[in-house]
Amino acid sequence: MPLNLGDLTLDELTAYMLSMGEGAFRGKQIFRWISRGAGSLDDCTDLSKKLREKLALNAEIYLPQIRKKMVSKLDGTIKYLFELRDGNLVETVVMSYHHGYSVCISSQVGCRMGCTFCASTLNGLVRGLAPHEIAGQIIAAQRDLGEKISNVVVMGIGEPFDNYDNIIKFLKIINDPNGLGIGWRHITISTCGLADKIRRFAGEGMPVNLALSLHAPDDGLRREMMPVAKAYTIAETLASCDEYFNKTGRRVTFEYALSEKNGSLAHAAALAKLLRHRNCHVNLIPVNPVSERDYVRTDRESVKAFMDYLNNNGVNATLRRELGADISASCGQLRNREIVDQL
Ligand code: SAH
């Protein structure tokens, strides 16, 4: 496979151009082109044809291709099915809020975390996405919409910390002011709780928002719902989140998908006990239906009671707005869609 120039940070791209006997400024030039949506080397029109040909001997630029685009009739949420260079597919969702566009991107093709309520993990993991494929979802969506995307959540298909090095590189690339220039505070990484990686990430000097998928207040129930809980106890996981907060100053969000399994007031009480003394926030999501899964939502009153209990007992909690319900664009519903259609 040729080197994908979109996998390089600005420093790396500059070093690469120098190694080719070109001026350092060429690195910045190409970095800008990639961020603005160049789909190939030939799109970089201020590089001479000769230089493009020279680069093409070993390198390329490739942007994920839109295979399918669905727009929600309910709220305008857009779901893209992107095709990657090797034919693999991932889903990406763009939501429009009053403060701008937010994109929910995938970090892997499939997932091996095995959460028992989630569709993304049904066919296991195919591979992690390269940095240019993670950033490319933002760039391709932005190019298609003709609008700037201001917020990025890594909450689509895959476990970002199971693709750690590529996620770090991706973050460097999209934060760079010469490219997309997306600030740390406008980026959220969601993890099922790989505690050792959370600790490592706390030391990277990238103070993005961290969302931790908790979903259960005790280890027994969490192990039933999320195999990752067999590797890390809730206590270990919360300790890693505390470290993240202490090092970055960013308040951690805990995600909690409410179902009949984990949505009673007794669960709310146990959750409040765990989180009461932490500077954090709980994001409640009524569990989204996935046909292969047997999770059932609690009714609206129970959801409200759960949320009220937390708020009345020292834990700040809000209910996630549901978007794109008619195009299966909600949390846990993303998958390698074309594969499913073929079944
Ligand atoms: N692997 C990461 C990010 C992808 S999932 C993580 O686990 O956090 C994004 C969020 O959707 C997670 O909080 C996940 O637990 C949640 N989720 C998965 N399936 C869901 C479902 N059916 N209903 C509601 N939320 C779900």
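Just so you know, these numbers come straight off a predicted model, no measurement behind them.

**Q** Help me understand the layout of surface pockets, please; the structure alone is not making it clear to me.
**A** Estimated volume of the largest pocket: approximately 880 Å³. Lining the largest pocket are 32 residues, and of these Tyr97, Val153, Met155, Asn283 and Arg320 lie nearest its centre. If you list the elements that add at least two residues to the lining of the largest pocket, you get β5 (89-97), β6 (100-104), β9 (149-154), β11 (209-213) and β13 (280-286). Considered as a void within the structure, the second largest pocket measures approximately 250 Å³ in volume. Here the lining of the second largest pocket gets four residues from one element, more than from any other, and that element is helix α10 (residues 300-312). Tallied by class, the residues present in the lining of the second largest pocket amount to four nonpolar, one polar and seven charged.

**Q** Explain empty space enclosed by the protein to me, please; I cannot follow it from the model alone.
**A** A water-sized probe, rolled over the atoms, reveals where empty space remains. Evaluated as defined, the whole model comprises five cavities of 30 Å³ or more. Reported here for the largest cavity is a volume of approximately 460 Å³. Lining the largest cavity are 27 residues; nearest its centre among them are Phe117, Cys118, Ser213, His215 and Gly332. Where the lining of the largest cavity is concerned, the elements lending two or more residues are β10 (187-191) and β12 (252-258). The class makeup of the residues in the lining of the largest cavity is 14 nonpolar, 11 polar and two charged.

**Q** Please clarify how the domain arrangement of the protein chain should be interpreted in this entry.
**A** Along its sequence, the protein chain is organised into domain 1 (3-60) and domain 2 (65-342). Opposite the 18 residues of domain 1 that make contact, domain 2 presents 13 residues. Interface of domain 1 and domain 2: buried area, both sides summed, is about 1200 Å²; carbon and sulfur atoms make up 52% of it. Considering only the surface of domain 1 that becomes buried against domain 2, Asp7, Phe31 and Ser35 emerge as the three largest contributors, covering 38% of it. At the junction of domain 1 and domain 2, the tally comes to two salt bridges. A salt bridge links Lys169 to Glu12, with the nearest nitrogen and oxygen atoms 3.1 Å apart. Summed over the shared surface of domain 1 and domain 2, the result is six residue pairs in polar contact (both at pLDDT 80 or more). Mapped by element, the contributors of at least two residues to the side of domain 1 that touches domain 2 are α1 (10-19) and α2 (25-35). It is α2 that provides the largest number of residues to the side of domain 1 that touches domain 2, a total of five residues. Within the side of domain 1 that touches domain 2, the residues separate by chemical class into five nonpolar, six polar and seven charged.

What counts, and where the lines are drawn
- Residues numbered from 1 in each chain as written.
- Predicted model: local features only at pLDDT ≥ 70, side-chain atom pairs only at ≥ 80, totals over all residues.
- Heavy atoms only, no water.
- 1 Å grid on protein atoms, 1.4 Å probe; cavity = no way out; pocket = protein on both sides within 12 Å on 5 of 7 lines; lining within 4 Å.
- Points joined across faces, edges and corners; volume = space filled by probe spheres on them.
- Helix = DSSP H or I, 4+ residues; strand = E, 2+ residues; numbered from the N terminus.
- Nonpolar A, V, L, I, M, F, W, Y, C, P; charged D, E, K, R; others polar.
- Domains from an automatic or database assignment.
- Contact = heavy atoms within 4.5 Å.
- Buried area = accessible area lost by both parts, 1.4 Å probe.
- Salt bridge = Lys/Arg side-chain N within 4 Å of Asp/Glu carboxyl O.
- Polar contact = N/O pair within 3.5 Å; in protein donor to acceptor, adjacent residues only side chain to side chain.

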